[in-house]
Amino acid sequence: MTEVEIEYCVPCGFLDRAENVQHVLLSTFGEKLDAVTLRTGANGVFRVTVDGERVFDKQEDAFDVDEITRQVREYV
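Note that the coordinates shown come from a computational prediction; the quantities given were computed from them, not determined experimentally.

Another aspect to go through is the pattern of salt bridges. Tallying each qualifying case throughout the model produces 6 salt bridges. Note that Arg39 and Glu5 form a salt bridge whose closest N and O atoms lie 3.0 Å from each other. Linking Arg39 in strand 2 (residues 33–41) with Glu5 in strand 1 (residues 2–9), this pair joins segments that are 34 residues apart in sequence. Arg39 sits in the partly exposed class, given a relative accessible area of 43%. Using a relative accessible area of 23% as the deciding quantity, one classes Glu5 as partly exposed. The residue Asp57 makes a salt bridge to Arg47 at a minimum N-O spacing of 3.3 Å. In this pair, Asp57 is assigned in strand 4 (residues 53–57) and Arg47 in strand 3 (residues 46–50), connecting sequence segments 10 residues apart.

What counts and what doesn't
- Residues numbered from 1 in each chain as written.
- Predicted model: local features only at pLDDT ≥ 70, side-chain atom pairs only at ≥ 80, totals over all residues.
- Heavy atoms only, no water.
- Salt bridge = Lys/Arg side-chain N within 4 Å of Asp/Glu carboxyl O.
- Helix = DSSP H or I, 4+ residues; strand = E, 2+ residues; numbered from the N terminus.
- Buried < 20%, exposed > 50% of the residue type's maximum accessible area, 1.4 Å probe, protein only.

Given below as structure tokens:
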């Protein structure tokens, strides 16, 4: 099974964004995922990893929930 981690910047107020991605992934993939974990961070971080592999990093990619979902789909 697959584990997803969403690391988000607390001071930046990215919790809502992280929860949105978490909700979409759980709604889309349901029981195919072992967990979608939120991890607090700082310094503007918003990063999504699947089984330890980075699939999205705000520093390099434009934020798009649909694109994040497509990237996660490759691992599910």
